[in-house]
Amino acid sequence: AQSVTQPDIHITVSEGASLELRCNYSYGATPYLFWYVQSPGQGLQLLLKYFSGDTLVQGIKGFEAEFKRSQSSFNLRKPSVHWSDAAEYFCAVGPGTCTASKLTFGTGTRLQVTL
Amino acid sequence: DAGVIQSPRHEVTEMGQEVTLRCKPISGHNSLFWYRQTMMRGLELLIYFNNNVPIDDSGMPEDRFSAKMPNASFSTLKIQPSEPRDSAVYFCASSINKGGRVTDTQYFGPGTRLTVL
């Protein structure tokens, strides 16, 4: 069965500082990987996704993520955080097959940005 | 364009009462997902429809939960009878899905916060 671990429940960074949110997955083959962001009182919004090809994926809002098969990781990064990035971030994994439909989400990392 | 619409946004009810949550997917989307989010269990997929047909309901916790999609623009999630442990935020998501693939981006609604007293 697929699973996702986000080891950091809560992270605080200063505005303008760099950010890295960790995500580790467990799956027997190459998975499909996603990062979503949830602002308070809102639904989830897709930041980026990885299916195949280039292991460095660019997303919206200046975020990027790198798939590292050897480490079973898909960490999310941003070079300079803005106060508006404060939100909860979810990593998700799906089976890497054309007929797969089920995403498994991590428990989330809450990002706080200090001014 | 309107996104996924969910109603009500907040629901407070007493144990034993029937609760119905509603979802209108994005026009043109043919797949619909119901999720539940709690502090303890995170975000869990409850059920997934493709072209109005339930495809995977393995996440539905028990017989008290039921979901329907009578047409392409409307779905309901019903809990009868409700229990305090059902308190959670329930999200609906939709996607353009050409065959049930997880690769198709899911667009989430704002959620319904359910409190069962």
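Note that the structure is predicted; figures quoted are calculated from it, not measured.

**Side note on the overall build of chain B**
In step 1: For chain B, the helix and strand inventory stands at zero helices and 11 strands.
In step 2: Secondary structure elements of chain B occur, N-terminal to C-terminal, as β-β-β-β-β-β-β-β-β-β-β.
In step 3: Here the C-alpha atoms of chain B give a radius of gyration of 13 Å, agreeing with the 13 Å that 2.2 N^0.38 yields for 117 residues.
In step 4: Judged by the C-alpha coordinates and their principal axes, chain B covers about 40 × 30 × 25 Å.
In step 5: A total of 117 residues make up chain B; the buried ones form 51% of that total.
In step 6: Long-range pairs, those at least 24 residues apart, make up 56% of the contacts in chain B between residues at least 6 apart in sequence.
In step 7: Counting every atom, chain B has about 5,700 Å² of accessible surface; 50% of that belongs to carbon and sulfur.
In step 8: Taken as two groups, the 12 positive and 12 negative side-chain charges of chain B have centres that lie 5 Å from each other.

**Comments concerning the environment of Asn-71 of chain B**
Residue and element names in this part refer to chain B.
In step 1: Relative to the assigned elements, Asn-71 resides in strand β7 (residues 65-71).
In step 2: Distance from Asn-71 to Val-53, taken between C-alpha atoms, is 9.5 Å for residues 18 residues apart in sequence.
In step 3: At a separation of 2.9 Å, a polar atom in the side chain of Asn-71 contacts the main-chain amide nitrogen of Ser-73.
In step 4: Separated by 3.2 Å, the side chain of Asn-71 and the backbone nitrogen of Phe-74 make a polar contact.

**A short note on the pairing of strand β10 (residues 87-94) of chain A**
Residue and element names in this part refer to chain A.
In step 1: Most of β10 is tucked away, with eight of its eight residues classed as buried.
In step 2: Judged by which residues are buried, β10 turns out to be covered on both faces: Ala-87, Tyr-89, Cys-91 and Val-93 on one side and Glu-88, Phe-90, Ala-92 and Gly-94 on the other are all buried.
In step 3: Bridge count between strand β5 (residues 32-38) and β10: seven bridges; the pairing is antiparallel. The residue bridging Trp-35 from the neighbouring strand is Cys-91, located in β10.
In step 4: Both β10 and strand β12 (residues 109-114) contribute to a ladder of three bridges, which runs antiparallel. Bridge pairing links Ala-87 to Leu-111 in β12.

**Points about the sheet that holds β7 of chain B**
All names here are of chain B.
In step 1: Across the sheet, which stays open at both edges, the four strands sit in the order β1-β3-β8-β7 with antiparallel pairing between neighbours. If you trace the sheet from one side to the other, it starts and ends with β1 (5-7) and β7, each paired once. In this sheet, neighbouring strand axes are inclined to one another by 15 degrees on average, regardless of whether the strands run parallel or antiparallel.
In step 2: Summarising the sheet, strand β3 (residues 19-24) and strand β8 (residues 74-79) pair through five bridges and their orientation is antiparallel. Looking at β8, one finds that Val-19 is bridged to Ile-79.

**Quick notes on the packing of aromatic side chains**
Any two aromatic rings considered together are summarised by their centre-to-centre distance and by the angle between their planes.
In step 1: Inspection of every chain in the model, using the stated rule, returns 15 aromatic pairs over all chains.
In step 2: Aromatic side chains Phe-105 of chain A and Phe-108 of chain B sit 6.3 Å apart centroid to centroid with 85 degrees between the ring planes, which places their arrangement in the edge-to-face category. In this pair, Phe-105 of chain A sits in strand β11 (residues 104-105) while Phe-108 of chain B sits in strand β10 (residues 107-108), so the two residues belong to two different chains. Of the two residues, Phe-105 of chain A and Phe-108 of chain B, both sit in the buried class.
In step 3: These aromatic residues form a ring-pair network of at least three members: Tyr-32, Phe-34, Tyr-36, Phe-51 and Phe-105 of chain A together with Phe-33, Tyr-35, Tyr-48, Phe-91 and Phe-108 of chain B.

**With respect to the pattern of salt bridges**
In step 1: Evaluation of the coordinates by the stated rule reveals 13 salt bridges over all chains.
In step 2: The shortest N-O distance in the salt bridge between Glu-64 of chain A and Arg-77 of chain A comes to 3.2 Å. One end of the pair, Glu-64 of chain A, is in strand β8 (residues 64-68); the other, Arg-77 of chain A, is in strand β9 (residues 73-78), and 13 residues separate them in sequence.
In step 3: Note that Glu-62 of chain B is salt-bridged to Arg-64 of chain B, the shortest N-O span being 2.8 Å.
In step 4: Connected through salt bridges with shared partners, the residues Glu-62, Arg-64, Glu-83, Arg-85 and Asp-86 of chain B form a single ionic network.

What counts and how
Residues numbered from 1 in each chain as written. Chains lettered and ligands numbered in written order. Predicted model: local features only at pLDDT ≥ 70, side-chain atom pairs only at ≥ 80, totals over all residues. Heavy atoms only, no water. Helix = DSSP H or I, 4+ residues; strand = E, 2+ residues; numbered from the N terminus. Rg over C-alpha atoms; globule rule 2.2 N^0.38 Å. Buried < 20%, exposed > 50% of the residue type's maximum accessible area, 1.4 Å probe, protein only. Contact = heavy atoms within 4.5 Å. Areas by Shrake-Rupley, 256 points an atom, 1.4 Å probe, with all protein chains shown as cover. Lys, Arg positive; Asp, Glu negative; His and termini not counted. Charge placed at Lys NZ, Arg CZ, Asp CG, Glu CD. Polar contact = N/O pair within 3.5 Å; in protein donor to acceptor, adjacent residues only side chain to side chain. Pairing = 2+ DSSP bridges. Axes fitted to C-alpha atoms, helices over the stretch in contact; angles between N-to-C directions. Phe/Tyr/Trp six-rings, centres within 6.5 Å; stacked < 30°, edge-to-face > 60°. Salt bridge = Lys/Arg side-chain N within 4 Å of Asp/Glu carboxyl O.

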